[in-house]
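Commentary on secondary and tertiary structure
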Amino acid sequence: MFSSPSAEIPDRELRTKWKDCKANPNPSRTKALACDNYERECDRRKSKGNLVCY
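So, here's what we can say about the structure. Predicted model only: the values in this text are computed from it and were never measured.

Regarding the pattern of salt bridges
- A complete count under the given rule lists 5 salt bridges for this structure.
- Among the salt bridges present, the one from arginine 44 reaches glutamate 41, with a minimum N-O distance of 2.6 Å. Here arginine 44 and its partner glutamate 41 are both found in helix α2 (residues 29–47), 3 residues apart, which amounts to about one turn of the helix.
- Overall, the relative accessible area of 33% leaves arginine 44 in the partly exposed class.

Right, here's the structure in full:
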């Protein structure tokens, strides 16, 4: 199975990017897509017991 580029981001960096997304109420279209990817990666890691974003 192919992994997303977000899967390669270290926990600390992912958390920072995820928090930045949560703090931005009106992201650009490109930023919103990136934020969706970070959210999915956070959820994927959460399902494996890694609560880096939560």
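Topic: α2
- Along its 19 residues, α2 runs 27 Å from first to last C-alpha, staying within 8% of the 27 Å computed at 1.5 Å per residue.
- Inspection of α2 places Cys35, Tyr38, Glu41, Cys42 and Arg45 among the buried residues, and these make up the whole buried set. Taken down its axis, α2 places every buried residue within 120 degrees of arc, on the same side. Every exposed residue of α2 that faces more than 90 degrees away from the buried side is listed here: Arg29, Leu33, Arg40 and Ser47.
- Along its buried surface, α2 packs onto α1 (11–23).
- In the segment just after α2, glycine 49 is the residue with positive phi, at about 95 degrees.

Cut-off values and rules
- Residues numbered from 1 in each chain as written.
- Predicted model: local features only at pLDDT ≥ 70, side-chain atom pairs only at ≥ 80, totals over all residues.
- Heavy atoms only, no water.
- Salt bridge = Lys/Arg side-chain N within 4 Å of Asp/Glu carboxyl O.
- Helix = DSSP H or I, 4+ residues; strand = E, 2+ residues; numbered from the N terminus.
- Buried < 20%, exposed > 50% of the residue type's maximum accessible area, 1.4 Å probe, protein only.
- Expected span 1.5 Å × (residues − 1).
- Arc of directions from axis to C-beta.
- Contact = heavy atoms within 4.5 Å.

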